[in-house]
Amino acid sequence: MEVGASVWCRDDEEAWLKGVITEKKLTKKNEVELSVLIDGDVRKIIVLEGETETDDLKPRESEDGSMNKVVNDLIQLPILHEPAILQALEQRYSEGWIYTFNGAILIAVNPFRKLSLYTDEILETYYNHGLLKSQGIESHDNLDPHVYTVADAAYRDMANRIAQNVAASQSILISGESGAGKTESTKIVMRYLTVVGAGTTDPFAENKNEPNSKEATVMDRVLQSNPILEAFGNARTVRNDNSSRFGKYIELDFSARGGMVGASVETYLLEKIRLPRHADGERNFHIFYQLHAANEASKNLEKQNDIILARDLIDKERLWQLEEDAARFYHYIKQGGIVELAHLDDGIEFSRLIKAFDTLGFEQRDASCALRLVAALIHLGQVQFDFDAGDDGGGSILTPIASKELQIAADLAALPYEPLLAALTTRLVQTRAEQYLVRLVPDDAANARDALAKALYGRLFDWLVESINQGIAKGSYTGAPADAIPTNKKRRGTANIGVLDIFGFECFATNSFEQLCINYTNETLQQQFNRYVFKLEQEEYAREQITWSFIEFPDNQDCLDVIEGGRKQMPPDGGLLTMLDDECKLPRGSDANYAARVAKSLGTTQERITISKKQAVDGIFQLRHYAGPVPYLTKGFLEKNKDELPRAAEQLFINGEGLLTEICAAHTRAAERAAAAQAQATGGKITPKTGGNTTAKAKVTATITVGSQFKAQLTSLMQAVAKTKPHYIRCLKPNDQNVPNAFWRARVAEQLRYGGVLEAVRVARSGFPVRLKHAEFAAYYKAVGPLLPGFDAKAQCDALVKSASESCGFAVHEAQLGKTKVFLRKTAHDALEARRAQARVAAATVL
C-alpha cells in the first residue's frame, strides 16, 4: 500500500469508511505505520511489511477510477470484497434499484414501501424478454435485475431441458432474516411462475370471475394456499409485521408442454412455542387476531360490510364465545400488547382466508371446525390453576371462571371435559409393576396446558398442510389438462420448480435449540451454495480458456459434522444432535448433563466448539459457523427436543371425535413419514406400518425427537435440491426501523455475512479475485506501462501484462489473459496497484 492509494477502513458504526493513505513509515518493530485520511481526520493503522490488505483495511477504487460506476452485477466490480459490495448496494438502493445480481445470486433489499415493479405490464415485459431469449432472439431491452429475472430463468431452463429430454427440474432458494422480504419475494416468484405456467394461449388474459372450488384452476389454488399458510404460520415479530414462523418448500409441477399441473408443500419447524408465549411488541399467529377482527365485526354492522363472512360464521357469540375486544382480554393473544398492524388488516385477511378455504375445496364444516379449534385454544389459555393442599403433596384445582373457560374450550374442540381436566392436572406414571396418577401443582399444570395447546395447534397445522396438498395436487381440480392426471408411469419430460422460503441465519443475545436448528439449516444450504458457486467458477475459467490448477474452496463440512455427528473422525458420543437425542433417552437426562457432555466430548476435540470456564458453568457452548461464532444456552434443549405430550393428553386426542380425529391422523401420517425419512437417512429399518392401531401410531410419533425429525427433513430437502439446477435470492433488511430510504451499512454488512454472500465471494474469487474486461484493464493500468498504438485491446493487455510482470515482480501465470477478460491473482493485482499509485504520485509531482 503506497502513499496516495485509496482504501476502505473498517468502522464500528458505518462498517467501512473511505480513506486515502497520506503517509507511510517504518516503525522500530519493522512494521509499517500508515496514516489514512478519513473525513478530515487522520487514523494510524499498523500493517506488516509487504502487506497490501488486512481485515480492517481494503483497497478501493479512486473517485476518478475508470471502474467507479454503478453496476447491475457485482461480479463486474474489479475489486470484489465486503466494502465494495456494500458501496455498490448502497448506490443502487439510493437510486431506487432494490435488486442487484452477484453472479449466481440475486440480492433483494427490502424497500419498505410499495413500488410499481410488479404490475402486469412489467411481468409481461420480463416474460416476453425471456421468451425471445429462449428462442435465440436478442432483445434490445436492457432489463434491470428483478425477481422476475430469476423466476423466468428457472422456467426457461426447465422448458429447454424438457425439450431435450434431460433432467429439467429447477429450484429457487430464498433466504434472509426476519423482515428482509422473504415472504413477499416468495409470493412474487409464485405469481410469476403460476402466470407463465397457466397453460393458456395468453397467460396474461384477465379473469374477471372470482373462481370457486369447482371452477378454480391450479394457478388459483396454488396462489390461494398463501392466505391459509400465512394466517396459521405467520406472526408479527419485533422485526417484521408478517414474519413466517416456519420454513416451506413448494414444488410446482409442470407438464411436458410447460403448463403447471399441480404442486405440493413441505413445511419445516413451525414455531409452536409462540402459542403460549410471545415477547413484548410481538403477536401470536395471525389467525387469532383475524378471529378477533371477525368477532368485532359480528357486533358492528358497519364493520360487517368490510368482512366477507361465510353464513355459518356470522354468529360469533354462538360459535366462538369470545369476549368483546378479545385481543386485549385473552392471555395467549394479549401478551405482546399489539393488536392492529400498520400494513395488514386482519379483517380483510380473514375474508381472504375464507375465500382460500373455498377455492381449495375445504368443506365448510371443516373450515368452521378449524376456526373453532383456534377459538378453543384462546379459551384454554385462560385456564389458571390454584394450589390444592393434600397428603400427596398437593395438586391443582380450577376457579369457577377457569372451569367455565375450560368447558368452553372443551365444547369448541369437541373434547370431553373430565378427561381434558385430568390431562391438565394429573400425570400418569408408569413403573414395571404398575401405573398410577400423580397430581400436578399449579406450575406443572400450566406447563401441561401449554404443552397440550402447542400439540393441538401443531396437529391443526399439519392437517391444513395436508389438505392444501390434496387441493393443489396433480389432477385434483376440474378441467385439469390431460397430462396433469397422474398415471402409473411418470410422463416423459415432466419436471418441477421448487421454491424454498427458509429462515435466515440467527444470532441473538440468547440463542436456544430453535436457533441451532435454524443455523444448521443455513450451514447445510451454505455448503451446497459454495459448491455450486465453485462449479460456476470452473465453467467461467473454461469459457475464458484460463489455465488453472485445482483451487480449494472454503468447506464447512467440519461444522456440519459437529452438529450431525456420524463421521469416523467424530468422538464416540457423536455430534450435538446425536448427543441431545441420547440425553433425552436417559431417565435422569438434563440440560446440565448435556452441556457437560458437549464440553467434555466436543469442547476438547473440535476446533469449531469453544467453551470458556464461565460458559461451562452457565451451560453455554459456542459454535463457529460460516457466518461467525454463536453462543447457545442449553437451558430448555431437552424439553424442546422431546416436545412431549402428556400420556393422558395423547389418549385424549386418540379418542377425539369429528375433525379432531382427522387432524390427529394427519399429524400421525406426517410423523410416520418423518420416521421413514429418518430411517432412510441413517440406513436403519423403516418403522413398520401400524394399520388401524392408533395406540401404536402414537408410539411412533412419541419416539421421534424434534432434532432427529428436522435432520431427516433437511436431508430429504437437500436430496431434492441436489436433483435441480438452483437459483438464489438473498433478501436484505436495510434498517431495523422498517422505514424507506434508510441504508444502515453495518446492518447490511452483517446480513451479507450471515446470508453467505461474502462467503460466496470468497469462493468465487479464491483463484483469480480480480477480473477486468480487456479495454477496461488497458485503460485503468495504462500508467504502469506503455500501450501499443494501433493494436486491439487484447494485444495491448498481453503486452502490458508481460511488461508489468517484469517491472512489478510477479509471475506471468499470476495474471492470465482470457478471451474477454484479464484475470489477476491477488499478488499480481497488489503489485499492479502499487506501481499504478507510484506512477500517479510521480506524475503529480512532475506537474
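Residues numbered from 1 in each chain as written. Predicted model: local features only at pLDDT ≥ 70, side-chain atom pairs only at ≥ 80, totals over all residues. Heavy atoms only, no water.

### Notes on the overall build of the protein chain
At step 1: Helix and strand counts for the protein chain come out as 29 helices and 24 strands.
At step 2: Looking at the 847 residues of the protein chain, the share that counts as buried comes to 55%.
At step 3: Here the contacts in the protein chain between residues at least 6 apart in sequence split such that 68% fall between residues at least 24 apart.
At step 4: For the protein chain, the exposed surface amounts to about 38,800 Å²; the carbon and sulfur share of it is 50%. (Helix = DSSP H or I, 4+ residues; strand = E, 2+ residues; numbered from the N terminus. Buried < 20%, exposed > 50% of the residue type's maximum accessible area, 1.4 Å probe, protein only. Contact = heavy atoms within 4.5 Å. Areas by Shrake-Rupley, 256 points an atom, 1.4 Å probe, with all protein chains shown as cover.)

### Details of the packing of helix α15 (residues 513-544) against helix α24 (residues 706-722)
At step 1: Interaxial distance between α15 and α24 falls to 11 Å at its minimum, and their mutual angle equals 20°. On the basis of the axis angle, α15 is roughly parallel to α24. Crossing handedness for the pair α15 and α24: right-handed. The segment α15 lies against α24, with Phe513, Cys517, Tyr520, Thr521, Thr524, Leu525 and Gln528 engaging Val706, Gly707, Phe710, Lys711, Leu714, Met718 and Val721. (Axes fitted to C-alpha atoms, helices over the stretch in contact; angles between N-to-C directions. Parallel < 35°, antiparallel > 145°, perpendicular 65-115°, else oblique. Left-handed = near helix turned anticlockwise from the far one by under 90°.)

### So, the pairing of strand β11 (residues 247-254)
At step 1: Across the eight residues that make up β11, a large majority, seven, are buried.
At step 2: Here β11 runs beside strand β12 (residues 260-268); their pairing, made up of eight bridges, is antiparallel. Across the sheet, the residue bridging to Glu251 is Ser264, located in β12.
At step 3: Between β11 and β12, which follow one another and run antiparallel, lie five residues, and Gly258 among them has a positive phi close to 85°.
At step 4: Where β11 and strand β17 (residues 495-501) come together, seven bridges link them in antiparallel fashion. What sits directly across from Ile250, in β17, is Val499. (Pairing = 2+ DSSP bridges.)

### What to know about a nonpolar patch on the surface
At step 1: A grouping of Val20, Leu37 and Val42 is seen on the molecular surface, where their side chains present a nonpolar patch of about 210 Å² in accessible area.
At step 2: Within the element layout of this structure, Val20 appears in strand β2 (residues 15-26). (Patch = residues over 30% accessible without salt bridge, like charges linked within 9 Å, V, L, I, M, F, W, Y side chains within 5 Å. Salt bridge = Lys/Arg side-chain N within 4 Å of Asp/Glu carboxyl O.)

### What about the sheet that holds β11?
At step 1: If you walk across this open sheet you meet the seven strands as β6-β7-β21-β8-β17-β11-β12, and the pairing is mixed. Taken across any chain shown, the strands that pair with only one partner, and hence form the sheet edges, are β6 (99-102) and β12. In this sheet, adjacent strand axes meet at a mean angle of 20° when their direction is disregarded.
At step 2: Sitting on the sheet, helix α4 (residues 182-196) touches β6, β8 (170-175), β11, β12, β17 and β21 (725-732), and the angle it makes with β17 is about 165°.

### Some remarks on unusual backbone geometry
At step 1: Even without glycine at this site, Asp39 takes up a positive phi of about 50°.
At step 2: Here Asp39 lies in the loop between β3 (31-38) and β4 (41-48).
At step 3: We classify Asp39 as exposed; its relative accessible area is 69%.
At step 4: Here Asn741, not a glycine, exhibits a phi torsion of approximately 60°, which is positive.
At step 5: With respect to the helices, strands and loops of the structure, Asn741 is situated in the loop between β21 and α25 (745-754).
At step 6: Residue class for Asn741 comes out exposed when judged on its relative accessible area of 63%.

### Looking at the packing of aromatic side chains
At step 1: The final tally for this structure, using the stated rule, is 26 aromatic pairs.
At step 2: Ring geometry for Tyr126 and Tyr148: centres 5.9 Å apart, planes at 65°, overall edge-to-face. Taken together, the residues Tyr126 in helix α2 (residues 120-134) and Tyr148 in helix α3 (residues 147-164) connect sequence positions 22 residues apart. The two residues Tyr126 and Tyr148 agree in class, both being buried. (Phe/Tyr/Trp six-rings, centres within 6.5 Å; stacked < 30°, edge-to-face > 60°.)

### As for helix α5 (residues 218-233)
At step 1: Its 16 residues give α5 an end-to-end C-alpha distance of 22 Å, which sits within 8% of 22 Å, the value for a rise of 1.5 Å per residue.
At step 2: Where burial is concerned, most of α5 is hidden: 14 out of the 16 residues are buried. (Expected span 1.5 Å × (residues − 1).)

### So, the sheet that holds strand β18 (residues 609-610)
At step 1: Ordered in space as β18-β19-β20, the three strands form an open sheet in which the pairing is antiparallel. Each of the sheet's edge strands pairs with one partner strand only, and the pair in question is β18 and β20 (628-633).
At step 2: Sheet analysis places strand β19 (residues 620-625) next to β20, joined by six bridges and oriented antiparallel. Bridged to Leu623 within β20 is Val630.
At step 3: On top of the sheet, α15 reaches β19 and β20; it is set at about 150° to β20, its chief contact.

### Things to note about the side chain of Thr705
At step 1: For Thr705, the position within the fold is in the loop between α23 (694-702) and α24.
At step 2: The exposure class of Thr705 is buried, given its relative accessible area of 12%.
At step 3: Apart from residues no more than four positions distant in its own chain, Thr705 is found in contact with Asp581 and Asn641.

### Thoughts on the pairing of β8
A regular strand places its side chains on the two faces of the sheet in alternate fashion.
At step 1: With six of six residues buried, β8 lies mostly within the body of the structure.
At step 2: Because side chains alternate across β8, one face comprises the buried residues Gln170, Ile172 and Ile174, and the other comprises Ser171, Leu173 and Ser175, equally buried.
At step 3: When β8 meets β17, the two strands line up parallel, connected through five bridges. Bridge pairing in β17 links Ile172 to Val499.
At step 4: Judged from the six bridges that link them, β8 and β21 form a sheet pairing that is parallel. Bridging across to β21, Ser171 finds its partner in Pro726.

### A few points about the nonpolar core
At step 1: Ranked by internal contacts, the top residues of the largest apolar core, which has 191 residues, are Ile228, Phe232, Ile287, Phe288, Leu576 and Ile729.
At step 2: The element contributing the most residues to this core is helix α14 (residues 442-472), with 15 residues.
At step 3: Those residues within four positions of Ile287 in sequence are excluded, and the remaining contacts are Ala231, Phe232, Leu353, Leu371, Val374 and Tyr457.
At step 4: Among the nonpolar cores identified, the runner-up in size contains 19 residues, and Leu772, Ala804, Cys808 and Leu832 belong to it. (Core = buried A, V, L, I, M, F, W, Y, C linked by side-chain atoms within 4.5 Å.)

### Side note on the environment of Ser351
At step 1: Looking at the element boundaries, Ser351 is found in helix α10 (residues 346-359).
At step 2: Sequence separation between Ser351 and Gln290 is 61 residues; the distance between their C-alpha atoms is 9.0 Å.

### Digging into the pattern of salt bridges
At step 1: With the rule as written, the count across this model stands at 40 salt bridges.
At step 2: The salt bridge partner of Glu540 is Arg771, with a shortest N-O separation of 3.2 Å. Of this pair, Glu540 sits in helix α15 while Arg771 sits in strand β22 (residues 770-773); the two residues are 231 residues apart in sequence, bridging distant segments of the chain.
At step 3: You can call Glu540 buried: its relative accessible area is 10%.
At step 4: What you see here is one network of salt bridges that share partners, running through Glu177, Arg239, Asp736, Arg747 and Glu750.

### With respect to α2
At step 1: Here α2 is 15 residues long and its end C-alpha atoms lie 21 Å apart, about the 21 Å a rise of 1.5 Å per residue gives.
At step 2: Restricting attention to buried positions, one finds in α2 the residues Leu123, Tyr126, Tyr127 and Gly130. Along the axis of α2, the buried positions cluster into a sector of 100°, meaning they face one direction only.
At step 3: After α2 finishes, the residue Gly136 shows a positive phi value of roughly 80°. (Arc of directions from axis to C-beta.)

### Let's talk about the confidence of the model for the protein chain
At step 1: For the protein chain, the mean per-residue pLDDT works out to 85, and 87% of the residues sit at or above 70.
At step 2: Within the protein chain, α23 has the poorest average pLDDT of any element, 48, and helix α9 (residues 331-334) the best, 97. (pLDDT = per-residue confidence, 0-100.)

### Observations concerning the environment of Gln680
At step 1: With respect to the secondary-structure elements, Gln680 resides in helix α22 (residues 659-682).
At step 2: For Gln680, a relative accessible area of 62% translates into the label exposed.
At step 3: Considered as a pair, Gln680 and Ala712 are 32 residues apart in the sequence and their alpha carbons are 8.3 Å apart.

### Some thoughts on the packing of α2 against α3
Axes are the key here: two packed helices are described by the angle between their axes and the distance separating the axes.
At step 1: Remark: α2 packs on α3, axes separated minimally by 10 Å, with the N-to-C direction vectors making an angle of 35°. The element α2 and its partner α3 pack so that their crossing is right-handed. The segment α2 lies against α3, with Ile122, Leu123, Tyr126, Tyr127, Gly130, Leu131 and Ser134 engaging Tyr148, Thr149, Asp152, Arg156 and Asn160.

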